[in-house]
Structures are given as structure tokens and as C-alpha cells.
Amino acid sequence: MRRCDVLIAGIGGQGTITLGTLLKLAALRAGIEVTGAERRGGAQREGPVTSNVRYRVPETGQERAADPAPFSGLIPQGGAHLVIALEPLEAVRCLPWMNPNTVVVAETAVRVPTAVRLGAAAYPPVDRLWAMIRQVTPHLHPVGLESLSKERFGGLRQVNVIALGLAAAVGDLPVDDDALLETVRERLPGFDANRDAFALGRAAATR
Amino acid sequence: MNPLASPGAGTRILAMGNEAVARGALEAGLGYFSTYPGTPASEVGTVLQGVRDAFPSLYAEISTNEHVAALGALGASWAGVRSMVTMKHVGMNVAAEPLHFAGYTGVKGGLVVVVGADPGATSSTGEQDDRWYSLHTHLPILEPSDIQEAKEMTCRAFGLSETYDLPVVVNAPSKLCHNIGSLTLGALPAGPPARGRFEPDPVRYLNLFHLAVENHGRCLANLERLRADVGRLGLNRVRPGPGRVGVITSGLHYAYVLEALEVLGLDDVPVFKVGLSYPLDPHGVAAFLGSVARAVVVEELEGFLEFQLKRYAYDAGVRTPVVGKDLFPATGELGIDEVTDGLAEALGRPVPAARRAGADAWNTVAGELPPRQGAFCPGCPHRATNYALLRAAGRKVVYAGDIGCYTLSVLPPFRVSDWVTCMNCGTGSGQAIAQVTDQSVVALVGDSTFFHSGVPSLLNAVQNGADLLLLILDNRWVAMTGHQPSPTTDRLLDGTRRRAVDLVGVVKSLGVGWVRRAGAFDVVGLENRIRDALAQRGVRVLVVEGECALQSERRRAAVPPDAETHVAIDPERCQRCHRCYRDLACPAIREEPGPRGDDVYVIDEALCQRCGVCEALCPNTAITRARIRRRAAP
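Residues numbered from 1 in each chain as written. Chains lettered and ligands numbered in written order. Predicted model: local features only at pLDDT ≥ 70, side-chain atom pairs only at ≥ 80, totals over all residues.

(A) Quick peek at the overall build of chain A. Each helix and strand in chain A was counted, giving 8 helices and 7 strands. At 17 Å, chain A has a C-alpha radius of gyration in line with the 17 Å of a compact globule built from 207 residues. In terms of principal-axis extent, the alpha carbons of chain A reach across some 55 × 40 × 35 Å. Counting only residues that meet the buried cut, chain A has 59% of its 207 residues in that class. Pairs at least 24 residues apart make up 65% of the contacts formed inside chain A by residues separated by at least 6 positions. (Helix = DSSP H or I, 4+ residues; strand = E, 2+ residues; numbered from the N terminus. Rg over C-alpha atoms; globule rule 2.2 N^0.38 Å. Buried ≥ 20, exposed ≤ 12 C-beta atoms within 10 Å, placed from the backbone. Contact = placed C-beta atoms within 7 Å.)

Written out as C-alpha cells, the structure reads:
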């Protein structure tokens, strides 16, 4: 049994849970067991939101057990294979789940917390945040997802599909591009732009 | 079609724990459903309201509050219809009175009570463990351990309820309610549930005097019948192992325990999985305890399983040492890592060092990171109201906040709620503070919370001549829990008109002398209205109207206007007075390096909802809006 655990982190309103749902639906399409809990709080904006995506892939030739043991919705500390963070600070908050092999995909655009806005706290330099992550894993991919989306599509609608393409490129996911793109086609409006966004994310990995 | 309404038995779909609960009820032939929305259980109602086209004989309502919802489900059960009521954990406090009689009267159609628990209080004002209620309501409790079991147990709960003549509780914590994963569907009933028929049964339903005592006795006898049968029902399960230390756990924590043992490299530990946590199986737990040298109870909060099983062990003469709450904390959420750490300690097996690298690094840097709190959405009418209220009333009044999206008023920069406890806490306690002090009290309540429990408190204030200003923040939706319609919802998202309750009329009918309405987005006008109200005495109600921005935006996407407006800050006019950036603190207003090297405020067009509040409050007329044409597609 191969496992793959993906932790997604963002702030309320960024589509963190939708991104997790896309990764899970793609698994269903590929016949892979999947589960994962969310932290969503209320319907509030700007608070931290996380989504766990946990895949269990049977080895070739292995049948799915008739009564599989439950697997928990939470990734244990040090257990994430891939972290997708939609904001730099939220990427660092995922540190406890990282290990030296964890691949981290992170948005570079900052969302300033209210405490910083009010002058009650400082937002560390983004380079300092990346250094914190590199203490644990060298596999960090910081990308300006929002600026790519604004530049190419004139808004923020494509940010998460760009992130998905980037994750597919570097994350060694058990779901392939076809399953991901078919899921995007089924669930999100404007497939032509989303297909381009996915390719843009994939290409951003090699830049 | 919604996959949760799919007839396809054996079909695999992606579902949330709450959705699995809803599907389980549909597979059991649910006929009546009631709820008051509350995180984390709200989506059960979203599903059951949403599938009524496919299940025309299902009655599904959003009730005024949990008390009404529980009474409704009990009535439908008496009429012979399979019924379900859902609520969040603290909702059970409101439903507690009817639920204490439900065991006395018993059921006719199976009655299932679903409770969404919130250990860690991530979206609540408390983290009470509702399982303790069953020590006096005597309602049996099922605890599913994953999404699939959430469906199976809910489905089965109806039959158990009918067999043992007791309502059955399904208890699911937030991490299961909001767990999304694969679910295999079962078969739906062949036909729709039959219409019910109420037959009077004076002995069971009239709980007066000696009849109440007799019914109490029958309730306890039903419970004993179930206690005697538990071992044969297959609801509990033992995962055998040769190890001398055994683990007893229930619900979601069964999955955590299995994974923790894997992390610790232990495959010989016997595990007793409790599926029915009230009443516990006395013989099953005593036999398991007798088979091990030491037992560890893994459970969240205050130790409900441990409390029961120690009694049974004593009765059975088993003296196996049991550790539980001396190992795991009685407060906060018990997640996979807390379970792993506890079992590592109890079983003398350390957590592998490689697992700790990230956590160790986190501990060294955590202090450098600013905290992140929730905020009102861009375009939220509550932000505007808070701003205007602070301008008008300042820091010299007592702020009596309440439960809803506007609970975020407690946070900086506004801080206009001096306490938050339960629904209706603002008007309820605020009027008393006004009676015994010389302070001015301003209470805030949302439309849905006002109808939930605020009406009697406002009436109380009128009846007893309190001196109180109440702002009813009417945003037309139960927004915090996922935008269920509220009594004041007058337009649905597709633009359809809906018959709404006349809120001002209701307030007047309670005898309030000073009642006015104001628009939230006209911050200057609102500020003046609040000043007027503060100058008066007695009970005053200001209804502040402004629809939830998320909902009006969604409706606009469905019913688009012909042109859009564009809001911008003119850097030449902006004096950096900070009113928009700090006092209003809208997330769509950002600070960026300007062309001359100094910082400027800008409006992020992608986040802005064009509510116009910043434009109205800017003293320098630096914020302006213009009509723009939609950008051509690339």
C-alpha cells in the first residue's frame, strides 16, 4: 500500500477546501481510496484554513480490501509528502507536518493579518519565512501564483488551478494530469482558461 | 442530480461526514427532518433540504431553534414517521428540555438525534461533551469512526430506536463532520415512506404525576434491555493482539489509535472499539479488561467512557489498572498527534525522531510569526455597522454582542463585544447590566439569532422597563453556518422573491416604543441614526439592513447587472488618515510601496465587493468609483 498525504493551507476565502476537494475527486476517478479532514471554522474570512488529502493506493495486483480499516482524516506530524500553501505565513505554519523529503509548493504573495495591519505585530521578510522551511526540507517551490493569474487571466479565479498544475509537476501525486483536468472540467466553470492555468502551473515548476 | 440522492447501491462517491449522515437517513426511509444550523453539523440540513425534489415525501425544515426542532422530530415520530433532528453540541442545551421527555414517551417511528461536537471550540463558544447528557436523558449514543460508518450507523440508528423504544443519538466531532472522503452508497428504500397517523396514547404521552414516574421506569427498562443486548449487536469490536497493554477507544479515535500504533511500530496491541458509547457493554468491557495487564482509554474531553467502564470493572471484580484522563487532557481537541504522544508514553515506545524534525523547527520559529485572526469579508455589512457604531458610541458604552458572523466584532480593530457566551447572551445579560448600573448598554444581535431566542429577552426588557439600545443586524441570511435562509430572507440567489417576516413589525408588536431602520452601507447616515438613538432612553431598537455580501455577490453572478463599478483610492487626495485601512480594516484595502517610494493604500479590485463603505467614510473624498466595462476575454 502506497500512501500519499497532502496538506493544503490558506486563509478563509482563498478556496483551500475547494482545492482539496479537487484532489480528492481526482482520486475517486482513478479508483484510489481517499479521505481527509478540514479545519474550516465558521464561514469567516482571513482566518487560517487547512485541508488534509490522504491517498491510499493499492500496489499493482492488490485488490481493495472488502472492509478496509478506517484511516484517519488527519496527517500525523512529520507525515506530509506534499504541502500546498496559498500564503507564505501559512506555509510556515505547516512546518510540524514536514520532514526532510516533504515537497512544498508556496504562493509568494503576502496576505497581511489584521495584527500587522494595526501595527501590533510584524510580518517577517518572506525570505526569512523560506529559510524557516528550508531548515527542514530543501524541496521548496515558491511561486507567484496570484501574479501569474492576474497577468494571464486578469483576476484571481485561476490561482488554485495554477497551484494544482504546479503540485502535479513537483508533488509525485498518485493521480495523473488527466484525472485532475477531468475533475477541473467537471467542477469549475471556464475550462479553456483552467486548462491553460494548469499548464502554466506545470511550467512554473521548471522555471 | 446530487450524487447523495443517487439510487445506485454500491456507487462510490466523495462525501463529507455530514453528507454521509444525511445519506444514511435517506437509506433508512427518513420522513421528517428538522434542524437549527450550527457548525459543524450544518451540512446535514443542506443536503436534506437540497434533495427534496428527488424525495418529495421527505419533510425537511430549518426550525426557529433547537428546542422547536427537537419537539418537531418527536411529534413526527409519534405519528409513526422516521424522524431526525440535527444540531451542534451547544444546541443540545436548547433542545435539552424536550430530549429529557423523549425517553419517557418513547418513539413510534425511529427518532435519531445527530449532534455535531466541537472539541477545541474552533467554531463555538464552548467544547462541552454532550455524551454526558445521556446519563440523565438515557438516550443511547452511537459514535462512528469514519465517513462510511457515519452512514451505516445513522441508517441503523432508526431500527435501534424502534426496537428499544428510545431516541438514538449519533455523535460526530467536527473532524468527522468535516472529513471528506470516499463513501460507498447503500440501497434506498423501494418506495417513499407512508404518511404518518397520530394515535393518542395517554399512558405514554401524558407525563403527569404517577404516569411520569411510570414512564421514567419504562425508559430505564428499555435502556436495560439494550444494555443486555449490546454484546450481540455487533456495534463494538475487538481488534485482537497478544500485547499485555490494551487500548479502549471510540469513534474517530479508533482511526487515530490504529494510525498511532503504526507510527510507533506496534502491531501487537489489542484494541476495543466502542461503537455504542452509551450504554457501554458491561460484559464486553469487563472481559477485555480482564484479558490485559493494563488498559489505556483514548478519548476526548472529560472521560465519559472511563467513567462508565470503571464502574463495570468494579461490579465484575476486575482490578486491571486503567489510565485515561491522567494521560490525556480533559480539554481541547485530541488529534492524531496527541494520541500518538500519549500512547508512546503509556506503551514506552518513543515517537521516531524523523517524525519530529518539522515540529522541532516549528517550536524554534513560532514566536516570530504574527497571529492570523478571522475578519469580516470584503463588503460585509457588519464591518460598516461596527465602524459607524464605534464612531457614534466610542468606548464609553457597554457592548453586548451575540452569536453569529458579527461575533467577529470582538476582534481588533473593533472590539465591540464585551462578552460572548451563548445565543441571546447580549440582550439577555445586557438589560440586567443596564438595570443595576448607570452605564449605557448597546446590544447587537443578528436576524436569525434574534428569532432563535432574542424575542423573549427583548419582550422582557420592554416589560421591565430596561434602558437598552438594541441593533438588529439584518443581513437576511444565517450566514455563519453556510447561508441557510433566515426568517427575513426575501430574495433567493436566483432572484426569486420569498415571503419574509416583517422584522420591524415584530419588534413594534413587542411594545418597543422607539424603532427605526437604517442602511448599513450608508455609514454616515447610520452613525447619525445611532447618535439619535443614544440620546433617547428606554428600550430602543435600530434595525440595520444590509445583505450578506457573499450572497448578494452570488446572486449578482446569477443575475448580472449591465455594468460594473470600479472603486479606487486616489493617491493624490489620500491623506493616509487610516480610517479605511485600520479603522474599517477591509481586507480589500492594502498597503503597497507607491511610485515615490512611500507607502500608499490601494484597493485590490479582485477582492473588492463594491459595497461603497470606504467611499462613504473617506473624509478626503479620495475614494471614488467609476463605471467600467468588463475586460475583454484574453
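(B) Region of the structure containing the domain arrangement of chain B. Residue and element names in this part refer to chain B. By domain assignment, chain B separates into domain 1 (3–231), domain 2 (237–353), domain 3 (381–554) and domain 4 (561–628). Counting residues at the interface gives 10 residues for domain 3, matched by 11 residues for domain 4. At the level of elements, helix H15 (381–393), helix H19 (523–534) and helix H20 (549–558) are the ones that each hand at least two residues to the side of domain 3 that touches domain 4. It is H15 that contributes the most residues to the side of domain 3 that touches domain 4, 3 residues altogether. (Domains from an automatic or database assignment.)

(C) Local environment of the sheet that holds strand E20 (residues 514–519) of chain B. Residue and element names in this part refer to chain B. Taken together, 5 strands build an open sheet; the order of strands is E15-E16-E17-E21-E20 and the sheet is parallel. Every other strand in the sheet has two partners, leaving strand E15 (398–400) and E20 as the edge strands with one partner each. Pairwise comparison of adjacent strand axes, ignoring direction, gives a mean angle of 20° for this sheet. Note: E15 against strand E16 (residues 441–446), 3 bridges, orientation parallel. Within E16, the position partnered with Val398 by the bridge is Val441. Its contacts with the sheet place helix H17 (residues 447–463) against E16, strand E17 (468–474) and strand E21 (539–545), and it is angled at close to 145° to E16. Sitting on the sheet, H19 touches E17, E20 and E21, and the angle it makes with E20 is about 165°. (Pairing = 2+ DSSP bridges. Axes fitted to C-alpha atoms, helices over the stretch in contact; angles between N-to-C directions.)

(D) Molecular detail of the interface of chain B and chain A. Counting residues at the interface gives 57 residues for chain B and 58 residues for chain A. At the level of secondary structure, the elements contributing two or more residues to the side of chain B that touches chain A comprise strand E1 (12–16), strand E8 (180–184), helix H10 (252–263), helix H13 (336–347), helix H14 (357–365) and helix H21 (579–583) of chain B. By residue class, the composition of the side of chain B that touches chain A is 32 nonpolar, 14 polar and 11 charged. (Nonpolar A, V, L, I, M, F, W, Y, C, P; charged D, E, K, R; others polar.)

(E) Local environment of the packing of helix H3 (residues 66–78) of chain B against helix H4 (residues 91–105) of chain B. All names here are of chain B. For the pair H3 and H4, the least separation of the axes is 7 Å and the interaxial angle reads 30°. When the axis of H3 is compared with that of H4, the two are roughly parallel. In this structure, H3 crosses over H4, and the sense of that crossing is right-handed. Across the interface between the two elements, Glu66, His67, Ala69, Ala70, Leu71 and Leu74 of H3 pack against Gly91, Val94, Ala95, Glu97, Pro98, Leu99 and Ala102 of H4. Here the contact of H3 with H4 is built from residues that sort into 9 nonpolar, 2 polar and 2 charged. (Parallel < 35°, antiparallel > 145°, perpendicular 65-115°, else oblique. Left-handed = near helix turned anticlockwise from the far one by under 90°.)

(F) Structural view of the nonpolar core. Residues Val83(A) and Ala163(A) are the most contacted members of the largest nonpolar core, which totals 180 residues. Ranked by residues supplied to this core, first place goes to helix H6 (residues 159–170) of chain A with 10 residues. The residues that make up this core include at least three from each of domain 1 (3–231) and domain 2 (237–353) of chain B. Ignoring any residue separated from it by four or fewer positions in sequence, one finds Val83(A) in contact with Leu7(A), Ala91(A), Cys94(A), Trp97(A), Met98(A), Thr102(A) and Val104(A). (Core = buried A, V, L, I, M, F, W, Y, C linked by C-beta atoms within 7 Å.)

(G) Quick peek at helix H12 (residues 304–316) of chain B. Residue and element names in this part refer to chain B. Along its 13 residues, H12 runs 19 Å from first to last C-alpha, staying within 8% of the 18 Å computed at 1.5 Å per residue. Taken together, the buried positions of H12 are Phe304, Leu305, Glu306, Gln308, Leu309 and Ala313. Where H12 is buried, its residues contact strand E10 (245–250), strand E11 (271–274), strand E12 (276–278), helix H11 (282–290), strand E13 (294–298) and strand E14 (322–323). Two residues or fewer after H12 comes Gly317, characterised by a positive phi angle close to 70°. (Expected span 1.5 Å × (residues − 1).)

(H) Layout of the environment of Thr407(B). Residue and element names in this part refer to chain B. Residue placement: Thr407 occurs in the loop between E15 and helix H16 (425–436). Taking the C-beta count within 10 Å as the criterion, Thr407 has 22 such neighbours and is therefore assigned buried. Note: C-alpha distance between Thr407 and Glu162 (245 residues apart in sequence) is 41 Å. When neighbours within four sequence positions are excluded, Thr407 is seen to be in contact with Gly401, Ser417 and Val420.

(I) The arrangement of the packing of helix H1 (residues 17–27) of chain B against helix H6 (residues 147–164) of chain B in detail. Residues and elements named next belong to chain B. Two numbers describe how H1 lies on H6: the axes approach to 7 Å, and their chain directions differ by 30°. Looking at the two axes, H1 sits roughly parallel to H6. H1 and H6 meet at a crossing whose hand is right-handed. On H6, the residues touching Gly17, Ala20, Val21, Arg23, Gly24, Ala25 and Glu27 of H1 are Ile147, Ala150, Lys151, Glu152, Thr154 and Cys155. Its residues assigned to classes, the contact of H1 with H6 comprises 6 nonpolar, 3 polar and 4 charged.

(J) The arrangement of the sheet that holds E13(B) in detail. Residues and elements named next belong to chain B. Taking strand neighbours across the sheet as the criterion, the 5 strands line up as E9-E11-E10-E13-E14 in an open arrangement whose pairing is mixed. Strands with a single pairing partner mark the edges of an open sheet, and in this sheet they are strand E9 (237–239) and E14. Relative to E11, E10 runs parallel, the two being bridged by 4 bridges. Bridge pairing links Ile248 to Phe272 in E11. Packing against the sheet, H11 makes contact with E9, E10, E11 and E13, and its axis sits at approximately 155° to E10. Each of E10, E11, E13 and E14 is contacted by H12, which is oriented at about 125° to E10, the strand it contacts most.

(K) Summary view of unusual backbone geometry. All names here are of chain B. Between Thr39 and Pro40 the backbone carries a cis peptide bond, its omega angle lying at 15°. In this structure, the amide linkage connecting Tyr278 to the following residue, Pro279, adopts the cis form with an omega of -10°. Relative to the assigned elements, Pro279 resides in the loop between E12 and H11. Notably, Arg476 is not glycine yet its phi reads approximately 75°, a positive angle. In this fold, Arg476 is placed in the loop between E17 and strand E18 (477–478). A positive phi angle, close to 55°, is found at Ala585, a residue other than glycine. Mapped onto the secondary structure, Ala585 falls in the loop between H21 and strand E23 (589–593).

(L) Representation of the environment of Gly251(B) within the structure. Tracing the backbone shows Gly251(B) in the loop between E10 and H10. Distance from Gly251(B) to Ala150(B), taken between C-alpha atoms, is 9.6 Å for residues 101 residues apart in sequence.

(M) Quick peek at the pairing of E13(B). Residue and element names in this part refer to chain B. The buried count for E13 comes to 4 of 5 residues, which makes it a mostly enclosed element. Inspection of the sheet shows E10 paired to E13 by 5 bridges, in the parallel sense. Each bridged residue has a counterpart across the sheet, and for Ile248 the counterpart in E13 is Val297. Relative to E14, E13 is paired through 2 bridges, and the arrangement is parallel. Considered in E14, the bridge of Val296 is made with Val323. In terms of handedness, the path from E13 via H12 over to E14 forms a crossover that is right-handed. (Right-handed = clockwise from strand over helix to strand, strands pointing away.)

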